[in-house]
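# Report on the structure
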Amino acid sequence: MFDKVLIANRGEIALRVLRACKELGIATVAVHSTADANAMHVRLADESVCIGPPSAAQSYLNIPSLLSACEITGADAVHPGYGFLSENARFAEILRAHGISFIGPSPEHIRIMGDKIEAKRTVSRLGIPVVPGSDGGVTSEEEALGLAAEIGYPVLIKAAAGGGGRGMKVARDQGELRGALSAARGEAKAAFGDDAVYIEKYLATPRHIEVQILGDGKGGAIHLGERDCSLQRRHQKVWEEAPSPGLNAAARADIGARVAGAVSGLGYSGAGTVEFLYEDGNFYFIEMNTRLQVEHPVTEMITGIDLVNEQIRVASGAPLTIAQEDVTITGHAIECRINAENPETFRPSPGRIEYYYAPGGLGVRVDSAIYPGYTVPPYYDSLIGKLIVAGKTRNECLMRLKRALGEFVVGGVETTIPLFQRLVQERDIMDGRYDIHWLEEFLARQTADQS
Ligand code: ADP
């Protein structure tokens, strides 16, 4: 097992990793920008190192600074959390070259899955169904028009290097496709430094369903069921739950087994998520995330498995603590992403937390790094906490969520708590009847009602 882990992240996820390390008896090193000197992850870590000025490019993404921090503190492993350098194959490689373990998969696996064209090809070979579309990248307009005619409109142009819901363009006919292709390439180049794009059938009413997996790096792999992350705004997840209200037991078992088989075929190591769109009883792979995800707690709540603990164990060469037959799914869990934003305009609302009261009680978990007097800096994403609630049934879970949201008080900054208070009262949400467009349509209706 590792002696000392450096956590190359901030906010709630840095705290989440720190907690897992402490429970394993591992010493922790926090890193922080000058803007985060008073952050909770810095206060709770055994040691901390300032790695640069506020801008993420100069701090949390600054590889030389992070390496120095490892050298100074003698850390023998790095946990990247999510975002920042978590899917940066180069970072994993550099750590390896310095004899420091990266708590995540191999650089090769990160690289394959980081190129969405390559990822689709790879999983398709391993028996996973993919969204119909181009076989590889698309460069010319004639090629794009020919393909779109074959798969049928509407189509979606996506960036091979895309992420965070950026760099996607829908084209409903030939005219739109002509304009969209060059625009998408330009945007992909600007955002990701790579102008490779590909074309996919645009699915009209799918759910977003993703399967959590753990691989031991030696060909062993298990799945921990699915999460439904269909409630999205601008392709960003807002509410996640497990199990999915839209899947039956047979479909669940089938996709789980197929994904675990593919991951085992890859010899994948650590935690990963295989994402699908699910429509009319069919699964279509969209991408694999080679890291811990924001929404991992809902899986932990229904399986009782500590995903970060397993990640750390596997990275240190230890076996997984559980076999597939030991994985049982009990009850239901929902996560709400609480952002420091105006709940109607979604404008970021950084600033000082004047007062704070987090809900509690049976089945309620709050993953957050804020505290009264803490100032939410304007430099990073606006997630300030996650409210995760579990119950024996989906209905109990919803009632508990409503209760917990009513107790949650954050003063000084605006938050998205009121949005969730509206959502839990919606018939479609209560019935579990929603697809990836539901939330955008709901928000559009709200805006229309007000004007
Ligand atoms: P990113 O890596 O940017 O998050 P994904 O490929 O994971 O991109 O897609 C993000 C979201 O975009 C999906 O959850 C879904 O809502 C939407 N999306 C992606 N591909 C399609 C598609 N072929 N048809 C319809 N919606 C899609």
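On a predicted model such as this, the values are computed, not experimentally measured, just so you know.

## Re the overall build of the protein
When helices and strands are counted, the protein shows 15 helices and 20 strands. Here the C-alpha radius of gyration of the protein, 21 Å, is about what a compact globule of 451 residues would show, namely 22 Å. Counting only C-alpha atoms and orienting by the principal axes, one finds that the protein spans roughly 60 × 55 × 45 Å. At a minimum sequence separation of 6, the contacts of the protein that also span at least 24 residues come to 65%. Across the protein, the 45 positively charged side chains and the 57 negatively charged ones have centroids separated by 2 Å.

## With respect to the side chain of Ser 86
As for its placement among the helices and strands, Ser 86 is situated in the loop between β4 (77-79) and α4 (89-97). Within the local environment of Ser 86, its side chain forms a polar contact with the backbone oxygen of Gly 83, the two atoms lying 2.7 Å apart.

## Some thoughts on the nonpolar core
Ranked by internal contacts, the top residues of the largest apolar core, which has 37 residues, are Trp 239, Leu 387, Leu 401 and Val 410. Contacts of Val 410, omitting those with residues within four sequence positions, involve Ile 353, Tyr 355, Tyr 356, Ile 370, Ile 384, Thr 415 and Ile 417. Counting residues in hydrophobic clusters, the runner-up holds 32 residues, among them Ile 13, Leu 292, Leu 307 and Leu 320.

## Focus: the layout of surface pockets
Estimated volume of the second largest pocket: approximately 180 Å³. Considering the residues around the second largest pocket, the lining is formed by Ala 92, Arg 96, Ile 100, Ser 101, Phe 102, Gly 104, Pro 105, Ser 106, Pro 107, Ser 269, Val 314 and Ala 315. Secondary structure elements with two or more residues in the lining of the second largest pocket: α4, β5 (101-102) and α11 (307-315). Tallied by class, residues from the lining of the second largest pocket come to 7 nonpolar, 4 polar and 1 charged. Per-domain counts for the lining of the second largest pocket show at least three residues from each of domain 1 (4-103) and domain 3 (207-450).

## Some words on the environment of Cys 70
Residue position: Cys 70 is located in helix α3 (residues 63-73). For the pair Cys 70 and Ala 39, spaced 31 residues apart in sequence, the C-alpha separation works out to 20 Å. Excluding residues within four positions of it along the chain, Cys 70 makes contact with Leu 6, Ala 75, Val 78 and Ile 100.

## Regarding the domain arrangement of the protein
According to the domain assignment, the protein contains domain 1 (4-103), domain 2 (132-201) and domain 3 (207-450). On a C-alpha basis, the centroid separation for the pair domain 1 and domain 2 is 36 Å.

## Description of the environment of Gly 385
In this fold, Gly 385 is placed in strand β19 (residues 383-391). Separated by 372 residues in the primary sequence, Gly 385 and Ile 13 have C-alpha atoms spaced 9.5 Å apart.

## Let's talk about unusual backbone geometry
With an omega dihedral of -5°, the bond running from Tyr 153 to Pro 154 counts as a cis peptide bond. Structurally, the position occupied by Pro 154 is in the loop between α7 (141-151) and β6 (155-159). Here Arg 234, not a glycine, exhibits a phi torsion of approximately 50°, which is positive. Relative to the helices and strands, Arg 234 resides in the loop between β10 (221-233) and β11 (236-242).

## Comments concerning empty space enclosed by the protein
Taken as a whole, this structure holds 4 cavities of 30 Å³ or more when the rule is applied. In this structure, the largest cavity occupies an estimated 50 Å³ of space. Lining the largest cavity, in full, are Met 113, Val 123, Leu 126, Ile 128, Val 259, Ala 262, Val 263, Leu 266, Val 274 and Met 288. Counting residues per element, the lining of the largest cavity draws most heavily on helix α9 (residues 249-266), which supplies 4 residues. By residue class, the composition of the lining of the largest cavity is 10 nonpolar, no polar and no charged.

## Some remarks on a nonpolar patch on the surface
Together, Tyr 355, Tyr 357 and Val 409 give the surface a local cluster of nonpolar side chains, amounting to about 320 Å² of exposed area. Along the chain, Tyr 355 turns up in strand β16 (residues 355-357). By relative accessible area, Tyr 355 is classed as exposed at 51%.

Each value, and the rule that gives it
- Residues numbered from 1 in each chain as written.
- Predicted model: local features only at pLDDT ≥ 70, side-chain atom pairs only at ≥ 80, totals over all residues.
- Heavy atoms only, no water.
- Helix = DSSP H or I, 4+ residues; strand = E, 2+ residues; numbered from the N terminus.
- Rg over C-alpha atoms; globule rule 2.2 N^0.38 Å.
- Contact = heavy atoms within 4.5 Å.
- Lys, Arg positive; Asp, Glu negative; His and termini not counted.
- Charge placed at Lys NZ, Arg CZ, Asp CG, Glu CD.
- Polar contact = N/O pair within 3.5 Å; in protein donor to acceptor, adjacent residues only side chain to side chain.
- Core = buried A, V, L, I, M, F, W, Y, C linked by side-chain atoms within 4.5 Å.
- Buried < 20%, exposed > 50% of the residue type's maximum accessible area, 1.4 Å probe, protein only.
- 1 Å grid on protein atoms, 1.4 Å probe; cavity = no way out; pocket = protein on both sides within 12 Å on 5 of 7 lines; lining within 4 Å.
- Points joined across faces, edges and corners; volume = space filled by probe spheres on them.
- Nonpolar A, V, L, I, M, F, W, Y, C, P; charged D, E, K, R; others polar.
- Domains from an automatic or database assignment.
- Patch = residues over 30% accessible without salt bridge, like charges linked within 9 Å, V, L, I, M, F, W, Y side chains within 5 Å.
- Areas by Shrake-Rupley, 256 points an atom, 1.4 Å probe, with all protein chains shown as cover.
- Salt bridge = Lys/Arg side-chain N within 4 Å of Asp/Glu carboxyl O.

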